[in-house]
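Below, each chain spelled out in residue letters.
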Amino acid sequence: MSTQSRTRSKTRLSRALGIPLTPKAAKYLEKRPYPPGEHGRTKRKTDSDYAVRLREKQRLRAQYGIREAQLKIQFEEARRADGLTGENLVEQLEMRLDALLVRAAIARTTAQARQMVVHRHILVDGQRVDRPSFRVKPGQLIHVHPKSEGMEPFQVAAAGGHVDVLPKTPGYLEVEIDKLQARLVRRPKRAEVPVTCEVQLVVEYYAAR
C-alpha cells in the first residue's frame, strides 16, 4: 500500500470511529466531523449495545494499530492481573515500544514508529529491538541507534518536529528529544494515557463472547 493510500485509509477509519488516528486525520475530522460515505451526514440510527461495545473495541485497536488476536491476548493477560481489567489493558498496551516512540515524539505516527523498530533503528538499554510489540519495563531507556541519528526522520524528530502535533508528553516518560531518547520512569496510569476509549465497554465486549 502506498503512503497516500495508507493516509486515505487512516482518514476514513478515523471518521468512521470518530477519533483522529494521525495528526493529518485530525485536520480532516475538523472539516468533516461525520462518518465517510454518502450517508455520513445523516443522523445515525440508535446502535445496539453490541454495536456500541464493538465500536469501542475497534477504537482501542485502531489507536494502537494492532490486530484482533494481539488485543485478545492482551485482554486475557489484563483479566488475570490484579486490579481493574480495562485499566490493566490500556496500561499494558501503552508500554509497547511503538506506542512509547509516539508518546516521546520520536515518531509521528504508530505506523512510522513500527517502521523504525522493524528496520532496527531503535535500541532499548543499548540493545537493538525489532519487535514493535516489545514491552518496555519501567527504568528502561529507549534511544535511536547512533548510526541512524543522521537520517531525515530522526533529524526532524530531534528538532521537535512532532511535538506540536502530538499530545503533551505524559508523566510516565522522561524525554530528551534533542538526544532522541526517552525513559519509561514508571508504569502508566490509565487516566494519564492519551487514548480515547471507554475501556469498560471493551471489557464487556470480550466478557460476552
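Residues numbered from 1 in each chain as written. Predicted model: local features only at pLDDT ≥ 70, side-chain atom pairs only at ≥ 80, totals over all residues. Heavy atoms only, no water.

This brings us to the overall build of the protein. Regarding its fold elements, the protein presents nine helices and five strands. Each helix and strand of the protein, ordered N terminal to C terminal, gives the series α-α-α-α-α-α-α-β-β-β-α-β-β-α. Expressed as a percentage of the 209 residues in the protein, the buried residues total 43%. Of the contacts formed within the protein by residues at least 6 apart in sequence, a portion of 57% connects residues at least 24 apart. (Helix = DSSP H or I, 4+ residues; strand = E, 2+ residues; numbered from the N terminus. Buried < 20%, exposed > 50% of the residue type's maximum accessible area, 1.4 Å probe, protein only. Contact = heavy atoms within 4.5 Å.)

Here strand E4 (residues 173-176) runs beside strand E5 (residues 181-184); their pairing, made up of four bridges, is antiparallel. Considered in E5, the bridge of Glu-174 is made with Arg-183. Once E4 ends, the chain turns through four residues before running back antiparallel as E5, passing Leu-180 with a positive phi of about 55°. (Pairing = 2+ DSSP bridges.)

What follows is about the packing of helix H5 (residues 85-94) against helix H9 (residues 199-207). How two helices sit against one another is set out by the angle between their axes and by the gap between those axes. It is at 8 Å that the axes of H5 and H9 come closest, and there the two elements cross at 105°. Between H5 and H9, the angle falls in the class roughly perpendicular. From H5, Thr-85, Gly-86, Glu-87, Leu-89 and Val-90 reach across to H9, where they touch Val-199, Val-202 and Val-203. Tallied by class, residues from the contact of H5 with H9 come to five nonpolar, two polar and one charged. (Axes fitted to C-alpha atoms, helices over the stretch in contact; angles between N-to-C directions. Parallel < 35°, antiparallel > 145°, perpendicular 65-115°, else oblique. Nonpolar A, V, L, I, M, F, W, Y, C, P; charged D, E, K, R; others polar.)

Let us now look at the environment of Ala-51. The topology assignment puts Ala-51 in helix H3 (residues 49-64). Given a relative accessible area of 24%, Ala-51 falls into the partly exposed group.

On to the packing of aromatic side chains, then. Overall, the coordinates contain three aromatic pairs when judged by the stated rule. With a centroid separation of 6.0 Å and 35° between ring planes, the pair formed by Tyr-50 and Tyr-205 is classed as tilted. Within this pair, whereas Tyr-50 is found in helix H3, its partner Tyr-205 is found in helix H9, the two being separated by 155 residues in sequence. Overall, the relative accessible area of 5% leaves Tyr-205 in the buried class. Taken together, Tyr-50, Phe-75, Tyr-205 and Tyr-206 form an aromatic cluster joined through their ring pairs. (Phe/Tyr/Trp six-rings, centres within 6.5 Å; stacked < 30°, edge-to-face > 60°.)

Along H9, the residues that are buried comprise Val-199, Val-202, Val-203, Tyr-205 and Tyr-206. Buried positions in H9, seen along its axis, are confined to an arc of 155° and lie on one side of it. (Arc of directions from axis to C-beta.)

A word on the sheet that holds E5. Taken in spatial order, the five strands make up an open sheet running E2-E1-E3-E5-E4, and their pairing is antiparallel. Among the strands making up the open sheet, the edge pair consists of strand E2 (127-128) and E4.

Our focus in this paragraph is the pattern of salt bridges. All told, the structure shown has 12 salt bridges when counted by the stated rule. Among the ionic pairs, Glu-204 bridges to Arg-53, the shortest N-O distance being 3.2 Å. With Glu-204 in helix H9 and Arg-53 in helix H3, this residue pair connects regions lying 151 residues apart in the sequence. Judged by relative accessible area, which is 27%, Glu-204 ranks as partly exposed. (Salt bridge = Lys/Arg side-chain N within 4 Å of Asp/Glu carboxyl O.)

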